[in-house]
Amino acid sequence: MEWGAAGVRQWPVPVAGRFAGRIGHPWNTVQPQGQLAATSQNVAVEWTPSRTNLSGSVQIDAVQMSSRLSTLSPMGSYRITLQGGSEPSLQLTTLDGSLHLTGQGQWVAQRLRFNGVATAAPDKVEALSNLLNIVGRRDGARSIITVG
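Please read all numbers here as calculations on a predicted model, not as lab measurements. (Residues numbered from 1 in each chain as written. Predicted model: local features only at pLDDT ≥ 70, side-chain atom pairs only at ≥ 80, totals over all residues. Heavy atoms only, no water.)

1. Regarding the pairing of strand E6 (residues 99-108)
Where we set the bar: In this description, strands pair whenever DSSP reports at least two bridges between them. Secondary structure is summarised from DSSP: a helix means a run of H or I of at least four residues, a strand means a run of E of at least two, and numbering begins at the N terminus for each.
Judged from the four bridges that link them, strand E5 (residues 89-97) and E6 form a sheet pairing that is antiparallel. Pairing of serine 89 across the sheet is with glutamine 106, part of E6. The antiparallel pairing of E5 with E6 creates a hairpin that spans one residue between the two strands. With 10 bridges joining them, E6 and strand E7 (residues 111-120) adopt antiparallel strand pairing. For leucine 99, the partnering residue across the bridge sits in E7 and is alanine 120. The turn linking E6 back onto E7 is made up of two residues, and alanine 109 within it adopts a positive phi angle of 55°.

2. Structural notes on the environment of leucine 92
The line we're drawing: Only protein chains enter the calculation, and the probe is 1.4 Å; a residue is then buried if its accessible area is under 20% of its type maximum, exposed if over 50%, and partly exposed in between. Residues count as neighbours in contact if any of their non-hydrogen atoms are within 4.5 Å of one another.
Summarising the element assignment, leucine 92 is placed in strand E5. Under the relative-accessibility criterion, leucine 92 is labelled buried at 13%. With 22 residues separating them along the chain, leucine 92 and phenylalanine 114 place their C-alpha atoms 9.7 Å apart. With sequence-adjacent residues up to four places away left out, leucine 92 is seen in contact with Tyr78, Arg79, Ile80, Leu101, Thr102, Gly103 and Phe114.

3. Topic: unusual backbone geometry
The omega angle of the peptide bond from serine 73 to proline 74 is -5°, so this bond is cis rather than trans. You can see proline 74 is positioned in the loop between strand E3 (52-66) and strand E4 (76-85). Phi angles above zero are rare outside glycine, and glutamine 31 is one such case at about 45°. In this structure, glutamine 31 sits in the loop between helix H2 (27-30) and strand E2 (33-47). Overall, glutamine 31 belongs to the partly exposed group, its relative accessible area being 37%. At asparagine 42, a position not held by glycine, the phi torsion is positive, near 50°. Looking at the secondary structure, you find asparagine 42 in strand E2.

Have a look at this one:
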């Protein structure tokens, strides 16, 4: 599959939640809602039995995100950057908002290995506490997110 030299794709609020619900726990419980926009640069994906090969880069902005697990809406906006290579990488950063997400990962063979941290702005801890308990292992005010 190739996206060409460059491109922009956008998905409405319901698509973000449906996609996340299909990737399993805890995201099916979180049921995120928001606007997704993807920008690509020279992306080509090749699936083989032993690995997924990605070349180019994809930037996904998840804007005005909310969850049924929090009374705070929106919680924030985030950027996911996928970079192709021999072991494609993923980086998560917070653009704005009260829920701060950071992390990085790599695809090793067919599996994503990701480590991240979720924290709440000091004045929004109570509104985000349930969400922080679900998305990772609590370590004081932080939630440690591990995938793979």
